[in-house]
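# Working through the structure, step by step
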Amino acid sequence: KKVNESGTFACINGNKLTQIDDKVIGIDNLVDLIVYDDLIFILNYNSIKNLFNLRGSFQRQVINILKPVKNSKVIDDYDKFERNIRSNERLMNRLISMKRKGISFDDPLSNQNNVQNTIKDFDLDVSYKNGQVIFDESSDKESVLNLISDYYYKTTQNRRKGIVDE
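Presented here is an overview of the structure given in this document. (Residues numbered from 1 in each chain as written. Predicted model: local features only at pLDDT ≥ 70, side-chain atom pairs only at ≥ 80, totals over all residues. Heavy atoms only, no water.)

### A look at helix α5 (residues 89-100)
- Compared with the 16 Å implied by 1.5 Å per residue over 12 residues, the 16 Å span of α5 between its first and last C-alpha is a close match.
- Along α5, the residues classified as buried are Leu91, Met92, Arg94, Leu95, Ile96, Ser97 and Met98.
- Each element contacted by the buried residues of α5 is listed here: α2 (54-65), α4 (78-87), α7 (141-148) and β8 (161-163).
- The backbone nitrogen of arginine 90 has a side-chain oxygen 3.0 Å away, supplied by the residue at the start of α5, namely asparagine 88. (Helix = DSSP H or I, 4+ residues; strand = E, 2+ residues; numbered from the N terminus. Expected span 1.5 Å × (residues − 1). Buried < 20%, exposed > 50% of the residue type's maximum accessible area, 1.4 Å probe, protein only. Contact = heavy atoms within 4.5 Å. Polar contact = N/O pair within 3.5 Å; in protein donor to acceptor, adjacent residues only side chain to side chain.)

### Things to note about the pattern of salt bridges
- Under the counting rule described, the total for this entry stands at 6 salt bridges.
- Among the ionic pairs, glutamate 142 bridges to arginine 90, the shortest N-O distance being 3.2 Å. On the criterion of sequence distance, the pair formed by glutamate 142 in helix α7 and arginine 90 in helix α5 is long-range, its members being 52 residues apart.
- For aspartate 121, the salt bridge is made with lysine 154, and the minimal N-O distance between the two is 2.9 Å. Taken as a pair, aspartate 121 in helix α6 (residues 112-121) and lysine 154 in strand β7 (residues 152-154) lie far apart in primary sequence, 33 residues in all.
- Connected via shared salt-bridge partners are Arg90, Arg94 and Glu142. (Salt bridge = Lys/Arg side-chain N within 4 Å of Asp/Glu carboxyl O.)

### Examining the nonpolar core
- Ranked by internal contacts, the top residues of the largest apolar core, which has 32 residues, are Leu66, Ile75, Phe81, Leu147 and Ile148.
- Sorting the residues of this core by element identifies α2, α4, α5, α6 and α7 as the ones contributing at least two each.
- Per-element tally for this core: the top contributor is α5, with 5 residues.
- The contacts of isoleucine 75, once residues within four sequence positions are left out, are Val69, Phe81, Gln132, Val133, Phe135, Val144 and Ile148. (Core = buried A, V, L, I, M, F, W, Y, C linked by side-chain atoms within 4.5 Å.)

### Structural notes on the packing of α2 against α5
- It is the contact of α2 with α5, at a shortest axis distance of 10 Å, that shows an interaxial angle of 55 degrees. As the angle between them shows, α2 and α5 are arranged oblique. Here the hand of the crossing between α2 and α5 comes out left-handed. Judged by residue contacts, Arg55, Phe58, Gln59, Gln61, Val62 and Ile65 of α2 engage Glu89, Met92, Asn93, Leu95, Ile96, Lys99 and Arg100 from α5.
- Across the contact of α2 with α5, the residue classes break down as 6 nonpolar, 3 polar and 4 charged. (Axes fitted to C-alpha atoms, helices over the stretch in contact; angles between N-to-C directions. Parallel < 35°, antiparallel > 145°, perpendicular 65-115°, else oblique. Left-handed = near helix turned anticlockwise from the far one by under 90°. Nonpolar A, V, L, I, M, F, W, Y, C, P; charged D, E, K, R; others polar.)

### Comments concerning a nonpolar patch on the surface
- There is a patch of nonpolar side chains on the surface, built from Ile25, Ile27, Tyr36, Leu39, Phe41 and Leu43 and spanning about 650 Å² of accessible area.
- Its location among the elements puts phenylalanine 41 in strand β4 (residues 39-42).
- The exposure class of phenylalanine 41 is partly exposed, given its relative accessible area of 40%. (Patch = residues over 30% accessible without salt bridge, like charges linked within 9 Å, V, L, I, M, F, W, Y side chains within 5 Å. Areas by Shrake-Rupley, 256 points an atom, 1.4 Å probe, with all protein chains shown as cover.)

What follows is the structure, encoded as structure tokens:
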């Protein structure tokens, strides 16, 4: 589809606006990907995710990543916790990203005093009793994920509190 028959096309390169004199191709928004020579240009990630069933693959990764948490029995209703992660695309992607960055889930919530202090210091809406997170009583599900991945911190000099930024 010719789109440059009338008007001007330009691109920004650094702080310079450069007019494009070559022919420009318009691509309909229904196009999900373009294959050109050895390259694949993905224009719609969600379509590709559905085509290759990436959601199913991500859900299997979540199960594998969380096995140590399940085995440690630190979450009272673990199955509900896992279902919550697998049904929430944002939390699922976040968990996988944590693992890729080297976050270990091998020994979650092992220091009960520190867990209780973290919940108190960060004013988390997480219920923690007898060394377990009571998932049903914890309204902030993302805080549970942050807690088991040790994503809360205090700076060494000014003792400022924060959460590791994704």
